[in-house]
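For reference, the chains in residue letters:
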Amino acid sequence: MNLSFKTGDELILFLVLVTLVIFAIVILFVVFGIFRALKQIDAERSGKIVEAFSFDTWWKSLTGAVPLEKEEVILLNHNYDGIRELDNHLPPWWKYLFYATIVFAIVYMLDYHVWYSSPLQEEEYQQEVTVAQKQIEEYQAKNANSIDEKTVKLLVTDAKVLAKGKEIFTGKCVACHGALGEGGVGPNLTDEYWLHGGTINDVFKTIKNGVPEKGMIAWKATLKPNEMQDVSNYILSIAGTNPPNGKAPQGVKADSTATK
Ligand code: HEC
């Protein structure tokens with residue numbers, strides 16, 4: 001049960017409602033008492049005996065149905081070619097079902113609208129959306145592992161990809177390529193010259209397999225395919241930034257942003 005009120009007004013509203021409900025119950029009891037008293041007076045006048053109130057009589061009065069053994073009591077006084085009519089109440093099973101719906105409605109109202117113990121439609125929807133988003137992320141994470149130099153995508157305008165790529169670059173690559181990609185032990189990554197090709201596919205391949213004999217590490221063991229895709233895109237995104245102390249160009253001039 002969750003009885004939290006967002007504002008003082010809600011608390012007052014709740015208290016007013018509770019008071020009203022208590023009032024209604026008291027009035028119901030009073031009316032019931034008067035009703036029984038009147039019935040008693042009526043019975044005494046006509047010389048009938050009113051059964052004392054008990055759970056059993058109350059339970060029977062809920063359906064009011066007359067059992068078949070006593071059907072002559074409720075047989076109506078007409079006869080249509082042998083077809084006669086009983087003035088009986090609705091069958092007990094129908095009435096019990098009806099009372100069950102009332103109980104259900106009260107429980108439902110308390111559960112959903114008074115105690116807020118179960119989620120309403122909108123909350124349920126949000127919960128499902130959260131679950132679905134998690135599934136999407138899992139799916140993407142799983143599929144990210146299938147990226148290779150042939151399927152790698154050019155995403156140099158995707159801020160999320162570039163932010164992740166920059167993070168990886170700062171953490172793993174700056175020691176040899178410089179904080180701004182200006183080069184050091186490794187080549188300048190911001191110029192138009194490439195030793196191993198400047199397309200997204202080439203850059204991905206170089207990062208993945210490295211150039212071990214020249215001191216460039218093969219990153220496939222450390223980075224996930226989607227991480228290599230991110231950092232490849234980051235590298236292509238810093239093309240032409242011309243940072244200070246840039247290392248002299250190495251390799252051949254190539255258009256870095258074109259894919260094969
Ligand atoms: C230990 C030093 C070192 C580290 C760390 C390093 N690199 Fe390199 N990288 C090199 C060297 C040296 C080369 C040049 C290889 C050659 O001469 O063929 C190179 C080349 C490259 C090239 C190819 C450049 C071209 O002109 O074709 C790319 C792309 C590259 N590195 C990306 C990265 C990325 C991304 C990281 C971090 C995940 C990284 N490197 C980390 C040393 C390093």
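Since this is a predicted model, take the numbers as computed values, not measurements.

(A) Quick look at the pairing of strand β1 (residues 75–80). Summarising burial for β1: 0 of the 6 residues are buried, a small minority. Looking at chain direction, β1 and strand β2 (residues 83–86) are connected through 3 bridges and run antiparallel. Considered in β2, the bridge of Leu 75 is made with Leu 86. Between β1 and β2, which follow one another and run antiparallel, lie 2 residues, and Asp 81 among them has a positive phi close to 50°.

(B) Broad picture of helix α3 (residues 92–114). In this model α3 runs 32 Å from its N-terminal to its C-terminal C-alpha over 23 residues, within 8% of the 33 Å that 1.5 Å per residue would give. For α3, the set of buried residues is Lys 95, Asp 111 and Tyr 112. Directly beyond the C-terminal end of α3, a positive phi value near 50° is found at Tyr 116.

(C) Molecular detail of the side chain of Gln 229. Turning to its location among the elements, Gln 229 is positioned in helix α8 (residues 225–237). Residue classification places Gln 229 among the buried residues on the basis of a relative accessible area of 8%. Setting aside its immediate chain neighbours within four residues, Gln 229 contacts Ile 147, Val 152, Lys 153, Leu 155 and Phe 204.

(D) Spotlight on the packing of helix α2 (residues 55–63) against α3. Orientation of α2 relative to α3, taken along the N-to-C sense of each, is 100°, at an axis distance of 8 Å. Judged by the inter-axis angle, α2 sits roughly perpendicular to α3. Residue-level contacts link Trp 59, Leu 62 and Thr 63 of α2 to Pro 92, Lys 95, Tyr 96 and Tyr 99 of α3. A per-class count over the contact of α2 with α3 returns 5 nonpolar, 1 polar and 1 charged.

(E) Structural detail: the site of the ligand. Near the ligand there are 22 residues, and of these Cys 173, Cys 176, His 177, His 196 and Met 216 occur at the shortest range. A distance of 2.7 Å separates a nitrogen atom of the ligand from a polar atom in the side chain of His 177. For the shell around the ligand, the secondary-structure elements that each account for two or more residues are α6 (174–177), α7 (200–209) and α8. Sorting elements by how many residues they give to the shell around the ligand places α7 first, with 3 residues. Its residues assigned to classes, the shell around the ligand shows 15 nonpolar, 5 polar and 2 charged.

(F) Layout of the UniProt feature "transmembrane region" (unreviewed entry) in the protein chain. Under the feature "transmembrane region" (unreviewed entry), the UniProt entry names residues 12–35 and 96–116. With 100% helix and 0% strand, residues 12–35 has its two end C-alpha atoms placed 34 Å apart. Helix makes up 90% of residues 96–116 and strand 0%. Its end C-alpha atoms lie 28 Å apart.

(G) Here's a closer look at a negative patch on the surface. Taken together, Glu 122, Glu 123, Glu 124 and Glu 128 make up a surface patch of like negative charges. Assessed through its relative accessible area of 37%, Glu 124 is described here as partly exposed.

(H) Representation of the nonpolar core within the structure. Ranked by size, the top nonpolar core spans 19 residues in total, and within it Phe 169, Trp 194, Val 203, Ile 207, Met 228, Val 231 and Ile 235 carry the most contacts. Elements that contribute at least two residues to this core include exactly α5 (159–172), α7 and α8. Considering each element in turn, this core owes the most residues, 5 residues, to α8. Residues contacting Met 228, with those up to four places away along its chain left out, are Phe 204, Ile 207, Lys 208, Trp 219, Lys 220 and Leu 223.

(I) Main features of the pattern of salt bridges. According to the stated counting rule, one finds 2 salt bridges in the structure shown. A salt bridge links Glu 149 to Lys 208; the shortest N-O distance between them is 3.0 Å. Taken together, the residues Glu 149 in the loop between α4 (121–144) and α5 and Lys 208 in helix α7 connect sequence positions 59 residues apart. The partner of Lys 253 in a salt bridge is Glu 192, with the nearest N and O atoms 3.9 Å apart. With a gap of 61 residues between them, Lys 253 in strand β4 (residues 252–253) and Glu 192 in the loop between α6 and β3 (193–194) connect regions that are remote in the sequence.

(J) Just the environment of Gly 210, in detail. Along the chain, Gly 210 falls in the loop between α7 and α8. C-alpha separation for the pair Gly 210 and Lys 220, spaced 10 residues apart in sequence, amounts to 8.5 Å. Excluding residues within four positions of it along the chain, Gly 210 makes contact with Lys 205, Met 216, Ile 217 and Ala 218.

Reading the values: rules and limits
What you see as residue numbers is a count from 1 along each chain, following the sequence as written. Local features in this predicted model are restricted to residues whose pLDDT is 70 or higher, and side-chain atom pairs enter the listing and the counts only when it is 80 or higher, whereas totals over whole chains, interfaces and linings include all residues. Neither water nor hydrogens contribute to the side-chain values; these are computed over all heavy atoms in the structure. Three exposure classes are used, based on accessible area relative to the maximum for each residue type with a 1.4 Å probe and protein chains only: buried under 20%, partly exposed in between, and exposed over 50%. Secondary structure elements are taken from DSSP: a helix is a run of H or I of four residues or more, a strand is a run of E of two residues or more, and numbering for both begins at the N terminus. A pair of strands counts as paired when DSSP detects no fewer than two bridges linking them. Take the number of residues in a helix, subtract one, and multiply by 1.5 Å to get its expected span. When checking whether two residues touch, look at their non-hydrogen atoms; a contact exists if any pair is within 4.5 Å. Every axis in this analysis is a line fitted to C-alpha atoms, fitted for helices over the stretch in contact. Angles between the N-to-C directions lie between 0 and 180 degrees. Angles below 35 degrees are treated as roughly parallel, those above 145 as roughly antiparallel, those between 65 and 115 as roughly perpendicular, and all remaining angles as oblique. Polar here means any residue other than Ala, Val, Leu, Ile, Met, Phe, Trp, Tyr, Cys and Pro, which are nonpolar, and Asp, Glu, Lys and Arg, which are charged; Gly is therefore polar. One heavy atom suffices: a residue is near a molecule or strand as soon as one of its heavy atoms comes within 4 Å of it. Counted as a polar contact is a pair of N or O atoms within 3.5 Å, where, for protein atoms, one must be capable of donating a hydrogen and the other of accepting one, and residues adjacent in sequence contribute only when both atoms are in side chains. UniProt positions are given in the numbering used here, feature names are shortened, and annotations may be inferred rather than shown by experiment. Nonpolar side chains (Val, Leu, Ile, Met, Phe, Trp, Tyr) within 5 Å and like charges within 9 Å form the patches, drawn only from residues with over 30% relative accessible area and no salt bridge. In short, Shrake-Rupley with a 1.4 Å probe defines the accessible areas, and a residue's cover is counted only from the protein chains shown. Here, a salt bridge means any side-chain nitrogen of Lys or Arg that lies within 4 Å of a carboxyl oxygen of Asp or Glu. In this count, Lys and Arg are taken as positive residues and Asp and Glu as negative ones, while His and the chain termini are left out. For this purpose, a charge sits on NZ of Lys, CZ of Arg, CG of Asp or CD of Glu. We call a set of buried Ala, Val, Leu, Ile, Met, Phe, Trp, Tyr and Cys residues a nonpolar core when their side-chain atoms join them within 4.5 Å.

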